[in-house]
Amino acid sequence: MKKALEKREIPRMGTSVTFLGFGALEIGRDWGLGDSRERQKPDEKQAGKVLHTVLDLGINLIDTASAYHRSEERIGKFLSSRRHEFILATKCGEHSNEPDTYYDFSYRAVKESIDRSLKRLQTDVIDIMQIHFGPNPEQVIEAGETLAAMKDAQKEGKIRYLGASIDGELATHLIESGDFDVMQLGYNLLDQTNEQNIALCLKKGIGVFIRSGLATGLLSSRVLPHLNEEFAHKKKVLALLELVGGDGDKLAALALQFLYRNQGISSILVGTKQPERIQQNIDLLEQEISDDLIQKALEIVNE
């Protein structure tokens, strides 16, 4: 069994997800490093090819959001006939107003958003609905309207499990609350802030989905054209590249396998607009990366 397709159980859900999941932001929204052409959404045909390739290669988790513009719509259009093949996660609270997004965490807005997501995704039930927190997460948590709307939708059979995408101390608070089955956390070789939260989720049987596992391209070959520019963690990225002989793909393999060794991580969400890149990501997880190399990388980033 390939590492990417290894299934990890989420005890609170009683189901398993592949270690490599698909983050569907890029098939519906402009994002990422690179020039303006690289940031364009893929056309309809290409988006469909990407989505079918995800399932054809054995990945069983797709994560999207109502804020990812046409992402939900495209998943519904191309994968509704294959709905039984994957775990579907989306988010509420941040809403699309293309090309922009806006936040509304009120009970009514969230309930209406869930209904829109069901329609766009062409499904009777969403497996995991996550809170898509914005600039004032404390206020959203204190008000409680978003969680109340999600719980009511759950009682109505519209969603199965609850999740939240948030970091740091507020993530710890939500993990301890017992209300959530999945947490989506930012975590990578360059930023290990959520390490204790991952361990706490493992202890409590809560699933962990990792976003920014490749540090938005800094831990991959996508960073290579930008080495003469200034960017966050540049000194450490250059040192890591030197460690892997300047090979951007090996840097990505190192970053992915660092995550793979953490048993508290259920799945890492990696997105792409290019169908061939999905197979490449699977192959990267099969590259030979020694424990010694990972230890040297940790010494670089933690010094």
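These numbers come from a predicted model, not from an experiment.

Caption draft 1: Representation of the overall build of the chain within the structure. Secondary structure summary: the chain contains 11 helices and 12 strands in total. A globule of 303 residues ought to have a C-alpha radius of gyration of about 19 Å, and the chain, at 19 Å, matches this closely. Seen through its principal axes, the chain has C-alpha atoms that stretch 55 × 45 × 40 Å. For the chain, with 303 residues in total, the buried portion stands at 54%. The long-range fraction of contacts in the chain, counting pairs at least 24 apart against all pairs at least 6 apart in sequence, stands at 74%. Surface accessibility of the chain: about 13,500 Å² in total, with carbon and sulfur atoms responsible for 46%.

Caption draft 2: A look at the sheet that holds strand E8 (residues 126–132). Strand order in the closed barrel formed by eight strands is E3-E4-E5-E8-E9-E10-E11-E12, and the pairing between neighbours is parallel. Sheet twist, expressed as the average angle between the axes of neighbouring strands with direction ignored, equals 30 degrees. Looking at chain direction, strand E11 (residues 207–211) and strand E12 (residues 267–270) are connected through two bridges and run parallel. By the bridge assignment, Ile-210 is partnered in E12 with Ile-268.

Caption draft 3: Local environment of the environment of Pro-42. Here Pro-42 shows up in the loop between strand E3 (20–23) and helix H1 (44–56). Distance in space between the C-alpha atoms of Pro-42 and Lys-3 is 28 Å, their sequence separation being 39 residues. In this structure Pro-42 touches Glu-26, Ile-27, Ala-47, Arg-74 and Lys-273, once residues within four positions along its chain are discounted.

Caption draft 4: Looking closely at the nonpolar core. Ile-62, Ile-75, Met-183 and Leu-240 are the most contacted members of the largest nonpolar core, which has 85 residues in total. A total of nine residues in this core trace back to one element, the largest contributor, which is helix H9 (residues 248–260). Excluding residues within four positions of it along the chain, Leu-240 makes contact with Leu-189, Leu-190, Leu-219, Leu-251, Leu-254, Ala-297, Ile-300 and Val-301. With 10 residues, the next largest nonpolar core counts Ile-10, Met-13, Val-17 and Phe-209 among its residues.

Caption draft 5: Inspection of the packing of aromatic side chains at higher detail. Applying the stated criterion across every chain, the model contains four aromatic pairs. With a centroid separation of 5.3 Å and an interplanar angle of 90 degrees, the aromatic rings of Phe-19 and Tyr-260 are classed as edge-to-face. With a gap of 241 residues between them, Phe-19 in the loop between strand E2 (15–18) and E3 and Tyr-260 in helix H9 connect regions that are remote in the sequence. Using a relative accessible area of 0% as the deciding quantity, one classes Phe-19 as buried. Plain terms: the ring middles of Phe-105 and Phe-133 are 6.5 Å apart, the flat faces sit at 25 degrees to each other, and that makes the pair stacked. Taken together, the positions of Phe-105 in the loop between strand E7 (100–103) and helix H3 (107–121) and Phe-133 in the loop between E8 and helix H4 (137–143) put the pair 28 residues apart, joining distant regions of the chain. One exposure class covers both Phe-105 and Phe-133, and it is buried. An aromatic cluster of three or more residues is present, and its members are Tyr-103, Phe-105 and Phe-133. A cation over a ring is seen here: Lys-3 above Tyr-260, with NZ or CZ 5.9 Å from the ring centre. Over the ring of Tyr-260 we find Arg-8, and its NZ or CZ is 5.0 Å from the ring centre.

Caption draft 6: A look at the side chain of Thr-18. Topologically, Thr-18 is positioned in strand E2. Engagement of the side chain of Thr-18 in a polar contact is seen with the backbone oxygen of Leu-20, the distance being 2.9 Å. Contacts of Thr-18, omitting those with residues within four sequence positions, involve Ala-4, Leu-5, Glu-6, Lys-7, Gly-58, Ile-59, Asn-60, Leu-61, Ser-266 and Ser-267.

Caption draft 7: Up close: helix H6 (residues 168–177). For H6, the full list of buried residues reads Ala-171, Leu-174 and Ile-175. Buried positions in H6, seen along its axis, are confined to an arc of 105 degrees and lie on one side of it.

Caption draft 8: Quick look at the side chain of Arg-82. In this structure, Arg-82 sits in the loop between helix H2 (71–79) and strand E5 (87–92). Ignoring sequence-local partners within four residues, the contact set of Arg-82 consists of His-52, Leu-55 and Asp-56.

Caption draft 9: Focus on empty space enclosed by the protein. Counted according to the given criterion, the structure contains one cavity of 30 Å³ or more. If you add up the space inside the largest cavity, you get close to 40 Å³. For the largest cavity, the full set of lining residues is Leu-20, Gly-21, Phe-22, Val-54, Ile-59, Val-270, Thr-272, Ile-278 and Asn-281. Counting only elements with at least two residues in the lining of the largest cavity, the list comes to E3 and helix H10 (275–284).

Here is what the cut-offs are and how they apply
- Residues numbered from 1 in each chain as written.
- Predicted model: local features only at pLDDT ≥ 70, side-chain atom pairs only at ≥ 80, totals over all residues.
- Heavy atoms only, no water.
- Helix = DSSP H or I, 4+ residues; strand = E, 2+ residues; numbered from the N terminus.
- Rg over C-alpha atoms; globule rule 2.2 N^0.38 Å.
- Buried < 20%, exposed > 50% of the residue type's maximum accessible area, 1.4 Å probe, protein only.
- Contact = heavy atoms within 4.5 Å.
- Areas by Shrake-Rupley, 256 points an atom, 1.4 Å probe, with all protein chains shown as cover.
- Pairing = 2+ DSSP bridges.
- Axes fitted to C-alpha atoms, helices over the stretch in contact; angles between N-to-C directions.
- Core = buried A, V, L, I, M, F, W, Y, C linked by side-chain atoms within 4.5 Å.
- Phe/Tyr/Trp six-rings, centres within 6.5 Å; stacked < 30°, edge-to-face > 60°.
- Lys NZ or Arg CZ within 6 Å of the ring centre and 35° of its normal.
- Polar contact = N/O pair within 3.5 Å; in protein donor to acceptor, adjacent residues only side chain to side chain.
- Arc of directions from axis to C-beta.
- 1 Å grid on protein atoms, 1.4 Å probe; cavity = no way out; pocket = protein on both sides within 12 Å on 5 of 7 lines; lining within 4 Å.
- Points joined across faces, edges and corners; volume = space filled by probe spheres on them.

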